[in-house]
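Each chain is listed here by its residues.
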Amino acid sequence: MGVMMVGLDGTIVAVANPAIQSHLHASLAGIQWISNAYLLALAVSLIPAGKAGDRFGHKKVFLTGVAGFAASSAAIGLAGSIASSITLVIAFRALQGVFGAMLQPTALALLRRTFPPEKLNGAIGVWGAVIGASTAAGPIVGGLLVQHIGWEACFYVNVPVGAAALAMSLVVLRETPAAPGSSFDLPGIAALAGALFALIFGLIKGPDYGWGSARTLAFLLAAALLGLAFVVRESRARQPMLPLKLFRSASVSAGVVLVILLMFALFGAMFFMTFFLENVHGLSPIAAGVHLLPMTAMLIVGSPVAGTVISRIGPRLPITAGMAMAAVAMFGLSRLGATASPDDTIIWFVLLGLGLAPVMVGATNVIVGNAPAELAGVAGGLQSTAMQLGGAFGTAVLGAIMSAKIDTLLPVSWHAAHLPALTAAGYAQVKSAVSVGVAPVPAGTPARAAGVITQISHATFTAGMHNAFLAGAAVALTGAGIALITRKGTGTAEVHAGI
């Protein structure tokens with residue numbers, strides 16, 4: 001129930017954003033920061049939150065996260081309905097991200113410390129199914145709440161869920177052994193938080209600043225330098241926050257890369273498909289969410305099944321097969337044209353969901369199961385951080401591929417159709433619209449010209465989507481190769497054993 005709140009909140013806000021913008025008269029940048037503040041706070045807090053669980057006990061940190069997430073959710077709604085302040089909404093969203101970071105790694109650590117190795121995959125399978133279900137439910141639940149109650153209800157809904165999770169956790173969860181003598185390694189935390197902030201902020205703002213701009217390159221360079229400082233610090237610290245010995249295990253390192261590639265494919269698919277369904281085909285957000293259900297439904301069904309299979313035969317074959325299936329699905333999605341029916345996505349979404357389920361369960365087990373028990377929280381934070389990085393990389397890289405294709409195709413198509421020449425500013429506006437599948441038809445445009453603009457816009461968007469999905473397929477195939485070096489988590493690894 002704790003990770004359900006985080007999963008639900010990750011997608012429910014996208015549906016609420018238009019209503020928030022209208023109600024609070026927010027700028028586009030303000031609306032973007034409602035999502036970005038949460039994402040940044042979540043990403044930089046995950047590994048420290050996992051370390052806090054190892055230090056004080058995961059149940060304590062988990063309960064704090066549940067209570068704080070519910071309270072900050074209520075504060076977001078009140079900041080909008082009473083204070084009507086976009087600034088307060090953004091501030092409380094950042095706070096919500098910090099509390100959300102307490103839930104994901106500690107949930108995995110609690111599973112790791114509660115279930116024996118032979119049953120851990122089944123537990124992770126249920127965990128993956130809940131994430132899939134809550135992620136899928138977000139757009140649909142959000143659409144219904146916004147339509148019938150108001151956007152604030154998208155945040156208030158976390159209060160009863162959080163209360164139920166808190167009550168159940170107090171009764172059901174057992175505390176894990178704490179390590180009161182361990183250090184928090186504050187310089188390491190600062191370096192890691194700074195590196196993750198600079199990297200994700202650079203990826204978020206790259207499309208606006210330009211990927212070759214000085215500001216984007218400065219953020220990416222800062223991320224690299226701070227990342228290097230973190231590695232140097234952790235290699236010398238007496239009690240490092242993230243022991244680098246973890247990465248001596250080829251399985252742990254491969255698992256981290258696989259989680260990044262998993263979320264790269266998943267977020268990339270959902271990012272472009274939402275625009276394809278809503279803007280090219282005119283579906284409502286709720287209808288678009290329904291069309292995404294085959295993928296998430298297969299994640300829900302496939303995750304527990306994958307857990308059982310991986311328990312019997314190990315993660316290598318299921319993850320390899322899953323990544324191969326995801327590659328085929330991404331290739332199939334790349335073949336969709338502007339005139340394709342929304343129903344043509346179903347078979348590929350089913351295949352993508354079935355492929356990603358064993359990757360989610362298997363890669364998570366490889367990371368958490370191969371880490372020492374006393375570092376279960378750090379391993380959970382590492383897995384969750386990899387998920388956030390994968391999503392950020394997916395939208396940034398595939399978005400850049402989309403942008404490059406539009407720059408190649410749009411001016412030629414526009415000129416060939418004998419449409420009025422565009423100024424630099426006019427082209428930027430047209431490109432911005434086409435990048436999300438919108439046809440930039442000015443008011444009063446004759447029907448024939450409007451039809452031509454629409455046809456060019458949708459054809460250009462789907463051509464860019466074609467290239468993006470081909471890149472996603474290549475990434476998934478790469479993941480299939482990496483999966484060949486994974487091994488099942490034994491639950492018996494020790495830091496000093498040179499894992």
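All of these numbers come straight from a predicted model, not from anything done at the bench. (Residues numbered from 1 in each chain as written. Predicted model: local features only at pLDDT ≥ 70, side-chain atom pairs only at ≥ 80, totals over all residues. Heavy atoms only, no water.)

J.: Account for the packing of helix 12 (residues 316-334) against helix 16 (residues 447-482), with residues named and values stated.
T.: Here helix 12 crosses helix 16 at 170 degrees, and the two axes come no closer than 8 Å. Taken together, the axes of helix 12 and helix 16 lie roughly antiparallel to each other. Contact residues: helix 12 offers Thr320, Met323, Ala324, Ala326, Ala327, Met330, Phe331, Leu333 and Ser334, while helix 16 offers Met465, His466, Phe469, Leu470, Gly472, Ala473, Ala476, Leu477, Gly479 and Ala480. Per-class residue counts for the contact of helix 12 with helix 16 are 14 nonpolar, five polar and no charged. (Axes fitted to C-alpha atoms, helices over the stretch in contact; angles between N-to-C directions. Helix = DSSP H or I, 4+ residues; strand = E, 2+ residues; numbered from the N terminus. Parallel < 35°, antiparallel > 145°, perpendicular 65-115°, else oblique. Contact = heavy atoms within 4.5 Å. Nonpolar A, V, L, I, M, F, W, Y, C, P; charged D, E, K, R; others polar.)

J.: I'd like a rundown of the side chain of Ser384, residues and numbers included.
T.: Note on placement: Ser384 falls in helix 14 (residues 376-416). Of the residues examined, Ser384 reaches a relative accessible area of 1% and is grouped as buried. When residues no more than four places from it in sequence are discounted, the contact partners of Ser384 are Leu46, Gln104 and Pro105. (Buried < 20%, exposed > 50% of the residue type's maximum accessible area, 1.4 Å probe, protein only.)

J.: Mind laying out the layout of surface pockets, listing which residues take part and the relevant values?
T.: Any empty space left between the atoms is revealed when a probe the size of a water molecule rolls over them. When its volume is computed, the second largest pocket comes out at roughly 620 Å³. Lining the second largest pocket are 19 residues; nearest its centre among them are Met1, Phe62, Leu111, Val172 and Leu173. Among the secondary structure elements, those contributing two or more residues to the lining of the second largest pocket are helix 1 (2-24), helix 4 (86-114), helix 5 (117-148) and helix 7 (158-172). Broken down by class, the residue content of the lining of the second largest pocket amounts to 15 nonpolar, three polar and one charged. (1 Å grid on protein atoms, 1.4 Å probe; cavity = no way out; pocket = protein on both sides within 12 Å on 5 of 7 lines; lining within 4 Å. Points joined across faces, edges and corners; volume = space filled by probe spheres on them.)

J.: I'd like a description of the packing of aromatic side chains, backed by residues and values.
T.: By the definition in use, this model includes three aromatic pairs. Centre to centre, the rings of Trp151 and Phe155 are 6.1 Å apart; their planes meet at 85 degrees, and the pair counts as edge-to-face. For the pair formed by Trp151 and Phe155, the shared burial category is buried. With centroids separated by 5.7 Å and ring planes inclined at 10 degrees, the aromatic side chains of Phe197 and Phe201 adopt a geometry described as stacked. In this pair, Phe197 and Phe201 are both assigned in helix 8 (residues 186-209), four residues apart and thus about one turn of the helix distant. In this structure Phe201 comes out as buried when scored by relative accessible area, which is 10%. Its guanidinium or amino end placed over the ring of Tyr38, Arg93 lies 4.3 Å from that ring's centre, counting from NZ or CZ. (Phe/Tyr/Trp six-rings, centres within 6.5 Å; stacked < 30°, edge-to-face > 60°. Lys NZ or Arg CZ within 6 Å of the ring centre and 35° of its normal.)

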